[in-house]
Amino acid sequence: MDFIKDLQKITEHKPLIHHITNWVTIYDCANITRAVGALPIMSHAPEEVAEMTALSSALVLNIGTLTSELVDSMKIAGKKANELNRPVVLDAVGAGATKMRTQKTKELLSDLSISVIKGNAGEVATIAGIAAEVKGVESISVAGDIVEIARGCAQNEKSIVVVTGQEDIVTDGQRTFLIRNGHELMGKVVGTGCMLASILGAFAAVATDLTQAAANAVLFYDIAGELAAELSQGPGTFREHFIDQIYQLRHSSYPERQKVTFV
Amino acid sequence: MDFIKDLQKITEHKPLIHHITNWVTIYDCANITRAVGALPIMSHAPEEVAEMTALSSALVLNIGTLTSELVDSMKIAGKKANELNRPVVLDAVGAGATKMRTQKTKELLSDLSISVIKGNAGEVATIAGIAAEVKGVESISVAGDIVEIARGCAQNEKSIVVVTGQEDIVTDGQRTFLIRNGHELMGKVVGTGCMLASILGAFAAVATDLTQAAANAVLFYDIAGELAAELSQGPGTFREHFIDQIYQLRHSSYPERQKVTFV
Amino acid sequence: MDFIKDLQKITEHKPLIHHITNWVTIYDCANITRAVGALPIMSHAPEEVAEMTALSSALVLNIGTLTSELVDSMKIAGKKANELNRPVVLDAVGAGATKMRTQKTKELLSDLSISVIKGNAGEVATIAGIAAEVKGVESISVAGDIVEIARGCAQNEKSIVVVTGQEDIVTDGQRTFLIRNGHELMGKVVGTGCMLASILGAFAAVATDLTQAAANAVLFYDIAGELAAELSQGPGTFREHFIDQIYQLRHSSYPERQKVTFV
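Everything in this summary refers to the structure shown in the same document. (Residues numbered from 1 in each chain as written. Chains lettered and ligands numbered in written order. Predicted model: local features only at pLDDT ≥ 70, side-chain atom pairs only at ≥ 80, totals over all residues. Heavy atoms only, no water.)

### Digging into the packing of aromatic side chains
Turning to step 1, where the next piece is worked out: Inspection of the entire model under this criterion finds 15 aromatic pairs over all chains.
Turning to step 2, where the next piece is worked out: Note on Phe3(A) and Phe220(A): the rings are 5.3 Å apart at their centroids and 55 degrees apart in plane angle, and the pair reads as tilted. Residue Phe3(A) is located in the segment before helix H1 (4-13), and its partner Phe220(A) is located in helix H9 (residues 210-231); the two are separated by 217 residues in the primary sequence. Assigned by exposure class, Phe3(A) and Phe220(A) land together as buried.
Turning to step 3, where the next piece is worked out: Relative to Phe242(C), the ring of Phe238(C) has its centre 5.4 Å away and its plane inclined at 15 degrees; by these criteria the two rings are stacked. Note that Phe238(C) and Phe242(C) are positioned in helix H10 (residues 235-248) at a spacing of four residues, about one turn of the helix.
Turning to step 4, where the next piece is worked out: Through a chain of ring-to-ring contacts, the aromatic side chains of Phe3(A), Phe203(A) and Phe220(A) assemble into a single cluster. (Phe/Tyr/Trp six-rings, centres within 6.5 Å; stacked < 30°, edge-to-face > 60°. Helix = DSSP H or I, 4+ residues; strand = E, 2+ residues; numbered from the N terminus. Buried < 20%, exposed > 50% of the residue type's maximum accessible area, 1.4 Å probe, protein only.)

### Comments concerning the pattern of salt bridges
Turning to step 1, where the next piece is worked out: Here the structure, examined in full by the defined rule, presents 39 salt bridges over all chains.
Turning to step 2, where the next piece is worked out: A salt bridge links Asp91(C) to Lys118(C); its shortest N-O distance comes to 3.4 Å. Here Lys118(C) lies in strand S5 (residues 116-120) and Asp91(C) lies in strand S4 (residues 88-91), a separation of 27 residues in the sequence.
Turning to step 3, where the next piece is worked out: Judged by relative accessible area, Asp91(C) falls into the buried class, the value being 2%.
Turning to step 4, where the next piece is worked out: Salt bridges here are not isolated pairs; linked through shared partners, they connect Lys75(A), Lys104(A) and Glu107(A). (Salt bridge = Lys/Arg side-chain N within 4 Å of Asp/Glu carboxyl O.)

### A word on the interface of chain B and chain C
Turning to step 1, where the next piece is worked out: Across the boundary between the two partners, chain B contributes 30 residues, which contact 29 residues of chain C.
Turning to step 2, where the next piece is worked out: Interface area, chain B with chain C, both sides summed: about 2,600 Å², of which 59% is carbon and sulfur.
Turning to step 3, where the next piece is worked out: For the pair chain B and chain C, the interface holds two salt bridges.
Turning to step 4, where the next piece is worked out: Across the salt bridge formed by Arg34(C) and Glu138(B), the nearest N and O atoms sit 2.6 Å from each other.
Turning to step 5, where the next piece is worked out: Between the two partners, chain B and chain C, sit 15 residue pairs in polar contact (both at pLDDT 80 or more).
Turning to step 6, where the next piece is worked out: Listed by contribution, the elements that provide at least two residues to the side of chain B that touches chain C are helix H5 (99-111) and helix H10 (235-248) of chain B.
Turning to step 7, where the next piece is worked out: With five residues, H10(B) is the single largest residue contributor to the side of chain B that touches chain C.
Turning to step 8, where the next piece is worked out: Taken together, the residues of the side of chain B that touches chain C break down into 10 nonpolar, 12 polar and eight charged. (Contact = heavy atoms within 4.5 Å. Buried area = accessible area lost by both parts, 1.4 Å probe. Polar contact = N/O pair within 3.5 Å; in protein donor to acceptor, adjacent residues only side chain to side chain. Nonpolar A, V, L, I, M, F, W, Y, C, P; charged D, E, K, R; others polar.)

### Observations regarding the relation of the copies chain B and chain C
Turning to step 1, where the next piece is worked out: Rotating chain B by 120 degrees and moving it 0.0 Å along the rotation axis overlays it on chain C with an RMSD of 0.0 Å. Here the copies are linked by what is in effect a three-fold axis. Within chain B, the C-alpha atom positioned nearest to the axis of rotation is that of Trp23(B), 3.7 Å from it.
Turning to step 2, where the next piece is worked out: With a heterologous cut-off of 20% or less, the 10% of interface residues of chain B that recur at the interface of chain C puts this contact in the heterologous class. (Least-squares fit on C-alpha atoms with pLDDT ≥ 70 in both.)

Quick look at the structure:
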């Protein structure tokens, strides 16, 4: 797997990535989008979201601090993206934690055609209708094999499913990548989940093979995390070195670090 | 005083800390909550806040960028926390600066049972009905001895009161701790006040003696600040080293740094 | 040009800078305001914005994540600032990108007296009614000479106009400063545009000659960026070193770095 070509395309085309996201990590999502070479735009007013999506090459939706009004804006933007055949990434933050989050996730999935669903094991299991124990936005346990659940979810939703965890899973229901890269510090910093959705959006914006691009995005992200962790003394300094690596890794490849299984 | 046992309990139980907070420091509050070993959840939609509070071990409220709607969500969440006997921390940012902030603070204090009130001298004096000069969210001067004002406030509100400043005060109206730890750089970075409320929430979530836990939380916080300042060249680098120290200080104690008076 | 006197006045008077801004860079705007020695207050509730502006020495408006309600609050605050003769800085983020942004920018400019308009070339051209190609919040190209466009815009709007780019322009329609300081890393980090508006607000709050103060602010900002870039490995570490430099540069001058043309 080689993500350098994806990065070159992002650098060349500077795709605009429209986000309707949460108020916690909105800065981090914008900043990593720019660090990887794309252009972020964060906009949620119902009066302008369709126009902004039409200007963009991908749409990233995140329900981390959802309200009904914000989800309404996501639906407007998502319909425009579908109409124009632009990829849509959904980060289903906290699906399963409250009735509202589960319900709104279902509405987005039924109203829109979502290209990439990203979540932790509990969130993806919730979408698949499988019992899961979640604690706020953390996944505690799921009933069953998460790789199989993800694969079934991808088939049902006709979407690529990305499950983050110690082992990351990328599947379109047929092809499945298991990626064991990354570093435990990534789980100690708020925003690493959300920022991955931005990176998935940037890779999707320039992709021809969306499944391969999603797997490349996750591998790139995890290797940047490994390199940043080597420079960091804790989650505070990690945050800044991680952005540096996302920015610098564009200029070289790290094939020897790759820990990927294709199943 | 030894805060290591509190930190061990937080690490062991990973309490979920529900925040309804401001849009300026919402990332920092979430990030420090995770750095100390707890799990942050930021959620403010009126449809889900009661359910999210019910899942949580403590509730942290902050009126830094209040609106009427946000305060309404705080009341819903706060009532659920009271019903379930979960600790509630209120950071009364800017009480005294505008009529709205003073009024909304009073409403929260009269509608809810607040476990810990945190503010600077001007904010706490405002709550106590004492004349204070505030400048935005900064305290300039108060009429009277702030230790006595805090003690009286704690008795009236049946709450623990934490006053931040060069000398931090923790009092339940009977027992009073004066803590002279910390570093001036903490006052040069936005968010150090708000993040302390998150740490107070995490300590309260696992506490048996809430007053002692609040004092331990402040001491821990201040010592982490001292250690971070030694590694920093200014408020920018301080911010990241501070999170590192909050994360690392869990593994050792610094009793020799303690500058605490119990009165 | 010497910005040290401006910095000394800011440090001495600690002016309160009221922001009604976007949810992406709201932390960064508050943090840089404090780093330069002023006091930030972020507040947008319609019930309190007039009172908060009345307490403040300058008002900074930014439409980065605008909604109709937020712009309504900007108008209330702006009218109070005009009434009390306090400087108002407008950061017209994304003007030209959507109909809503262009329309709301025009409304703010017609309803309020704006002291300093800040934007990139595309945003300022849009305000001036000149054709411009924008991509989200990035300026791609404008029809005509941007220095002339800025000068005309300043005359029409009776405002100081600050255009950011590889060469920054500060003009009141008569006097024009071209500033070629700064570093390319500043364009790779989200928030450097927004933070400049905060610095312009702090300089304006203590200024006698507003045009000179705006030029000094831009020069100071750019030189801080150059110094920070020398310490950084990428946009992540740059962000923190930049705040350090904004904080430290108060104590010395760097006249030899100055690359300014007065035309």
